[in-house]
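This is what each chain is made of:
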2 protein chains.
Amino acid sequence: MELFDSHIHSEGRSVKDLAKMSDHGIKHAVSCAFYPIRPLFAETLIDLFRKLIEYERERGKKAGMNIYAAIGIHPRCIPREWDKALKFMEEVEGYIAFGEIGLEEASKEEVEVFKDQLKLAKKLDVPCIIHTPRRNKEAVAEKIFEILERIEFPEELCLIDHANAAVAEKALRKGYHVGLTVQPGKLSVEEAVEIVYNFGDEYFVANSDTGFSESDYLAVYKLWKELKNEKVLLKNAKRFFRI
Amino acid sequence: MELFDSHIHSEGRSVKDLAKMSDHGIKHAVSCAFYPIRPLFAETLIDLFRKLIEYERERGKKAGMNIYAAIGIHPRCIPREWDKALKFMEEVEGYIAFGEIGLEEASKEEVEVFKDQLKLAKKLDVPCIIHTPRRNKEAVAEKIFEILERIEFPEELCLIDHANAAVAEKALRKGYHVGLTVQPGKLSVEEAVEIVYNFGDEYFVANSDTGFSESDYLAVYKLWKELKNEKVLLKNAKRFFRI
């Protein structure tokens, strides 16, 4: 069985860890853009996008895994002159999605950066991995839904990530895809299983968010063992990301 | 027993890997600046230095390990306008050394960037971790020695890294410290042990160079098991880096 981890930060994992993921069937993963401190410069994000597209893909190959790059300005990583990074996103090739983008505290600046990225994604027809925060998840998700609707963002390009049951229910009703993140502080395997049982398996994808800090890089495999659902663990992600 | 890994790239290792190093006695490590693709922008290096100083130290703490930052422009990571990064090196605080700096192919640009960093290190009294390449190691090391002598670089600030027996012998004769890198393609544990037996233990430090690609993060522990030498595995590094 092939599994798909829809959201990792491969940079923070050794080739050995990635090879272990591959050994457990995780043959596809999207490596999302994130910088672990707030970068001062948009240039740092541009080189980060290049690194994800060029270098992380190669590390994936060494580990026996397809690593696909997602590029974007995370709400916690907004540098000054962030429009330079946006301009690069418009020009570069070799990525599979914009991500992670979204809102953390829903500040005015975050909303502006998020909106401009969504508009670009709509223009270029690019799937988006949309982060929801740990704090005030439901209120911030509401804000995200409002923005998506206001700019008439195409449903099929929208993946609401790190969802809990309440956010998943609303997102599904709007026709969005939903990411279930099995990670300490987010969902347990049991909670993810329960959400799929309650809401159906058509629009869910699964991920570990593994990367720089503590997290289980085999989370998606562990979810597979309990759920045994090929849609959630592979097919929905392939369809959403058009692989 | 406490061990000291004088050259890692902690960014490419999970907190779990770092905690395993700590469990094996590796309580001190210098995390060196390197960007795995050639960055387009000096700004990327500035944010990288900030990341090493601010974030990697915190990840070390979580893992029970002292991670000390080394900042510098690696010869394979020279961006345009690299002098901006050099200027930041002059102003920032919180690092322990310049590194890795040095030469890869000894191009004119590499030599210029290396020299300017050495001059700054001499002015600021900063220890330097000096990379020697896999290819043409001895010829490039000769070039490095020439540059060091031409600018009258203080011997006590100079660590010639990734040495083989021939490079070690010459470096020791000039009064430099020498880094033994136990890593596939560099030295085996046995080769490192033999070099120390042949040349004495006063000026050697040991490292794994573990990071983004395949390498053994327990290399320094494995060397300790064979060598049982506190100078090479701890004290010389503490003296050189002034800890």
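If you're wondering where the values come from, they're calculated on a predicted model, not measured in any experiment. (Residues numbered from 1 in each chain as written. Chains lettered and ligands numbered in written order. Predicted model: local features only at pLDDT ≥ 70, side-chain atom pairs only at ≥ 80, totals over all residues. Heavy atoms only, no water.)

Asks: Summarise the interface of chain B and chain A; cite the residues concerned and give the values.
Replies: Counting from both sides, the interface comprises 27 residues of chain B and, opposite them, 27 residues of chain A. Across the chain B-chain A interface, the total number found is 0 salt bridges. The tally of links from chain B across to chain A stands at 16 residue pairs in polar contact (both at pLDDT 80 or more). Contributions of two or more residues to the side of chain B that touches chain A are made by helix 1 (15-23) and helix 2 (42-62) of chain B. (Contact = heavy atoms within 4.5 Å. Salt bridge = Lys/Arg side-chain N within 4 Å of Asp/Glu carboxyl O. Polar contact = N/O pair within 3.5 Å; in protein donor to acceptor, adjacent residues only side chain to side chain. Helix = DSSP H or I, 4+ residues; strand = E, 2+ residues; numbered from the N terminus.)

Asks: Could you give an account of the confidence of the model for chain A, with specific residues and numbers?
Replies: When pLDDT is averaged across chain A, the result is 97; 100% of the residues are at 70 or more. On the interface metric, ipTM, the complex scores 0.95, and its pTM is 0.96. (pLDDT = per-residue confidence, 0-100.)

Asks: Provide a residue-level description of the packing of aromatic side chains, including the pertinent values.
Replies: Considering all chains together, one arrives at 14 aromatic pairs over all chains under this definition. The interplanar angle of 10 degrees and the centroid separation of 5.8 Å between the aromatic rings of F4 of chain B and F241 of chain B together place this pair among those described as stacked. Of this pair, F4 of chain B sits in strand 1 (residues 3-8) while F241 of chain B sits in helix 9 (residues 230-241), and the two are 237 residues apart along the sequence. Taking relative accessible area as the criterion, F4 of chain B reaches 1% and is therefore assigned buried. With relative accessibility at 2%, the residue F241 of chain B sits in the buried group. Between F240 of chain B and F241 of chain B, the ring centres sit 5.0 Å apart and the planes meet at 80 degrees, which makes this aromatic pair edge-to-face. In this structure F240 of chain B comes out as buried when scored by relative accessible area, which is 3%. In textbook terms, an aromatic cluster arises when at least three aromatic residues are bridged by ring pairs, as seen for F4, Y68, F240 and F241 of chain A. (Phe/Tyr/Trp six-rings, centres within 6.5 Å; stacked < 30°, edge-to-face > 60°. Buried < 20%, exposed > 50% of the residue type's maximum accessible area, 1.4 Å probe, protein only.)

Asks: Describe the pattern of salt bridges, and please don't skip the residues or the numbers.
Replies: Considering all chains together, one arrives at 42 salt bridges over all chains under this definition. Measuring nitrogen to oxygen at the nearest pair gives 3.7 Å for the salt bridge that ties K231 of chain B to D201 of chain B. Here the residue K231 of chain B occupies a position in helix 9, and D201 of chain B occupies one in the loop between helix 7 (189-199) and strand 8 (204-207), the gap between them amounting to 30 residues. Accessibility expressed as a relative area gives 30% for K231 of chain B, which makes it partly exposed. Using a relative accessible area of 22% as the deciding quantity, one classes D201 of chain B as partly exposed. Within this structure, E43, E81 and K84 of chain A form a network of salt bridges that share partners.

Asks: An account of the relation of the copies chain B and chain A is requested, with residue identities and associated values reported.
Replies: Superposition record for chain B on chain A: RMSD 0.0 Å, screw rotation 180 degrees, translation along axis 0.0 Å. What the rotation and shift describe, once combined, is the action of a two-fold rotation axis. Residue T44 of chain B, judged by its C-alpha, is the member of chain B lying nearest the rotation axis, at 2.1 Å. Of the interface residues in chain B, 100% have counterparts in chain A that sit at the interface too, so the contact is made through matching surfaces. (Least-squares fit on C-alpha atoms with pLDDT ≥ 70 in both.)

Asks: Describe the pairing of strand 8 of chain B, and please don't skip the residues or the numbers.
Replies: For a regular strand, side-chain orientation follows a simple rule: the groups alternate between the two sheet faces. Residues and elements named next belong to chain B. Residues F204 and A206 of strand 8 are buried on one face, and the alternating residues V205 and N207, pointing to the opposite face, are buried as well. Sheet topology places strand 7 (residues 177-181) next to strand 8; 4 bridges connect them, and they run parallel. In the sheet register, V178 faces strand 8, and the bridge partner there is F204. Handedness of the crossover joining strand 7 and strand 8 through helix 7: right-handed. (Pairing = 2+ DSSP bridges. Right-handed = clockwise from strand over helix to strand, strands pointing away.)

Asks: Please set out unusual backbone geometry residue by residue, giving values where relevant.
Replies: With glycine set apart, most residues show a phi of negative sign, and most peptide bonds adopt trans. Residue and element names in this part refer to chain A. With an omega dihedral of -15 degrees, the bond running from G99 to E100 counts as a cis peptide bond. In this structure, E152 takes a positive phi of about 50 degrees despite not being glycine. Within the secondary structure, E152 sits in the loop between helix 5 (137-150) and strand 6 (158-160). On the basis of relative accessible area, E152 is assigned to the exposed category, the value being 61%.

Asks: Give me the side chain of R59 of chain B: which residues, what numbers.
Replies: Among the structural elements, R59 of chain B can be located in helix 2. For R59 of chain B, a relative accessible area of 2% corresponds to the buried category. In contact with R59 of chain B, other than residues within four places in its own chain, are F212 of chain A together with S10, E11, R13, S14, V15 and L18 of chain B.

Asks: Please provide a residue-by-residue account of the environment of L187 of chain A, values included.
Replies: Relative to the assigned elements, L187 of chain A resides in the loop between strand 7 (177-181) and helix 7 (189-199). Each C-alpha atom, one on L187 of chain A and one on A163 of chain A, is 8.6 Å from the other, the two residues being 24 residues apart in sequence.

Asks: So, the sheet that holds strand 5 (residues 128-131) of chain A: which residues are in play, and what are the values?
Replies: Residues and elements named next belong to chain A. Taken in spatial order, the 8 strands make up an open sheet running 1-2-3-4-5-6-7-8, and their pairing is parallel. Here the strands that pair on one side only, and so sit at the sheet edges, are strand 1 (3-8) and strand 8 (204-207). Sheet twist, expressed as the mean angle between neighbouring strand axes with direction ignored, is 25 degrees. Sheet topology note: the strand 2 (residues 26-32)/strand 3 (residues 66-71) ladder contains 5 bridges and is parallel. If you follow C32 over to strand 3, its bridge partner there is A70. Relative to the sheet, helix 2 (residues 42-62) contacts strand 2 and strand 3, its axis offset from that of strand 3 by approximately 170 degrees. Along the sheet, helix 6 (residues 165-173) makes contact with strand 6, strand 7 and strand 8, crossing strand 7 at roughly 160 degrees. (Axes fitted to C-alpha atoms, helices over the stretch in contact; angles between N-to-C directions.)

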